[in-house]
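Breakdown of the fold
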Amino acid sequence: MVKEPEPIRLIFHVGMGKTGTSSIQSALRQNAKALKDQRVEYLGLWFDVIDASYKYYVGQEKLIKSSVEEKQASAEKIWQYFKEKRSKDGILSFVFSNEHMALCYDLMEPFLRRLEERGVEISIVCYVRDPVNWLPSAYYQWRVVHKAVPGPLHSYHSSARELISWYQAPLLWEKKFPGNVIVRSYDACSNVVEDFADAVSLSLTAPEIRENTTATTDEMFLRAFFSNLVSDAMLPDVFTNAVGVSPNDSPSVSGILKDAFDLSSTSEIIAENEDVFAAYREHFGFDPRAVSPDTLPSMPDTEAVRDRLVEVVTSVTLDQSMRIRNLETEVETLRNGLQALLATYSAKYRHDPDRAAELVISDSLDHSLKVRSLETEFGALHETLQAQLATASAQQRRSWAYRWRAARSGLVARLLKLK
């Protein structure tokens with residue numbers, strides 16, 4: 001008698017975002033060997049095990065937007081992968097973890113249904129957090145740091161009313177896959193990794209270092225300010241890698257604070273969705289609302305933020321100004337020098353253009369070394385100024401500003417002589 005193959009389980013962790021998802025994913029990555037011993041494989045965030053083109057955000061969108069037939073075909077491919085891993089390595093459980101799947105209950109249904117038809121046991125896991133804390137956290141993540149919506153900065157009041165729709169997701173997953181959805185309270189667990197492992201019957205060691213940390217108010221404000229200046233949606237590293245942005249029609253500090261840091265509408269927004277949380281009590285036996293909105297931080301003091309911004313912007317501006325001036329001067333000097341050298345050697349070696357090119361390159365490298373030496377002097381001067389500014393009085397800062405301009409003018413004059 002042929003023995004029935006052991007059943008395969010898919011653990012589909014869909015977030016929500018800002019509920020320890022990164023820590024869970026980090027733990028899954030770090031525990032790869034321990035998971036294999038438990039006959040479990042973590043497949044990551046993406047679906048590139050199906051097709052290499054499904055990797056990263058672009059690939060994720062490709063799968064999500066594919067037709068029903070294409071999703072069913074993708075399910076068949078991963079089903080074949082599951083069977084091969086079961087046969088070869090004895091793996092019986094597979095884990096996906098991607099918070100962006102939380103809102104894809106309709107789009108991913110054909111994919112998961114086909115796997116169910118093949119006998120795969122589906123477990124959809126979702127964490128929810130008290131909206132008093134989650135709404136501000138989600139706003140800063142997807143409207144400020146990772147700007148998901150193009151255009152000017154959207155205020156917290158308008159964005160929170162959109163973001164609270166995420167709380168519908170677990171209810172809709174449960175409606176489509178009744179009995180297959182595990183919803184946990186992020187606030188009720190002391191360690192989200194251990195709680196996740198318990199929920200899906202795994203053994204995981206939590207990472208020692210927290211995966212994501214909250215940015216300070218001054219950094220978050222600068223990100224919000226920057227976001228308001230960039231019309232397109234953008235990833236966090238756009239701000240991080242920015243070398244300089246000239247504000248046009250700059251928004252006011254008080255206006256940014258009111259739009260992005262006034263959380264007073266949180267209670268009203270939550271109350272408008274009373275039916276959603278009532279459904280939590282009915283379907284999942286608990287209400288995620290436990291924190292009083294009164295515990296939210298008050299809007300930061302405008303003058304305190306402005307004073308801090310002056311310090312930060314002064315440092316950033318001086319650094320960027322020095323780099324830009326260095327580059328502009330160097331490029332112009334090199335351009336003029338190369339043109340002169342090319343003209344000289346072309347005339348002298350008009351019958352031997354290769355020799356002319358060799359001499360131009362040799363002289364250019366020597367010239368570049370001299371420019372680099374002056375750049376080092378610029379850097380040392382700038383570092384000295386920054387150290388002095390950190391403890392200087394307003395009068396001392398004005399005095400040193402004059403000295404900075406004089407010293408810089410002298411170095412620029414020397415640089416211009418390098419032709």
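Anything mentioned here points back to the structure above.
Summary of the structure given here. Quick caveat, the model's predicted, so the values are computed rather than measured. (Residues numbered from 1 in each chain as written. Predicted model: local features only at pLDDT ≥ 70, side-chain atom pairs only at ≥ 80, totals over all residues. Heavy atoms only, no water.)

Before going further, it helps to spend a moment on the packing of aromatic side chains. Working definition: an aromatic ring pair is given by the centre-to-centre distance plus the angle between the planes. Applying the stated criterion to the full structure yields 22 aromatic pairs. Centroid distance Trp134 to Trp142: 6.3 Å. Interplanar angle 55°. Geometry classified as tilted. The two residues Trp134 and Trp142 agree in class, both being buried. A connected cluster of aromatic rings, assembled from ring pairs, spans Trp134, Trp142, Trp166, Tyr167, Phe277, Tyr280, Phe284 and Phe286. (Phe/Tyr/Trp six-rings, centres within 6.5 Å; stacked < 30°, edge-to-face > 60°. Buried < 20%, exposed > 50% of the residue type's maximum accessible area, 1.4 Å probe, protein only.)

Below, the discussion takes up the sheet that holds strand S1 (residues 9–13). In space, the 5 strands of this open sheet follow the order S2-S3-S1-S4-S5, with parallel pairing throughout. Strands with a single pairing partner mark the edges of an open sheet, and in this sheet they are strand S2 (40–44) and strand S5 (181–185). Sheet twist, expressed as the mean angle between neighbouring strand axes with direction ignored, is 20°. As defined by bridge partners, strand S4 (residues 121–128) adjoins S5 across 5 bridges and the pair is classed as parallel. Bridged to Tyr127 within S5 is Arg184. Of the strands in this sheet, S1, S2 and strand S3 (93–97) touch helix H4 (residues 68–89), which is tilted by about 145° from S2. (Pairing = 2+ DSSP bridges. Helix = DSSP H or I, 4+ residues; strand = E, 2+ residues; numbered from the N terminus. Axes fitted to C-alpha atoms, helices over the stretch in contact; angles between N-to-C directions. Contact = heavy atoms within 4.5 Å.)

In contact at an axis separation of 9 Å, helix H1 (residues 21–30) and helix H9 (residues 192–199) are set at 70° when each is read in the N-to-C sense. Relative to H9, H1 is oriented roughly perpendicular. The interaxial crossing formed by H1 with H9 has right-handed handedness. Across from Ser23, Ile24, Ala27 and Leu28 in H1, the residues of H9 making contact are Val192, Val193 and Phe196. In terms of residue class, the contact of H1 with H9 is made up of 6 nonpolar, 1 polar and no charged. (Parallel < 35°, antiparallel > 145°, perpendicular 65-115°, else oblique. Left-handed = near helix turned anticlockwise from the far one by under 90°. Nonpolar A, V, L, I, M, F, W, Y, C, P; charged D, E, K, R; others polar.)

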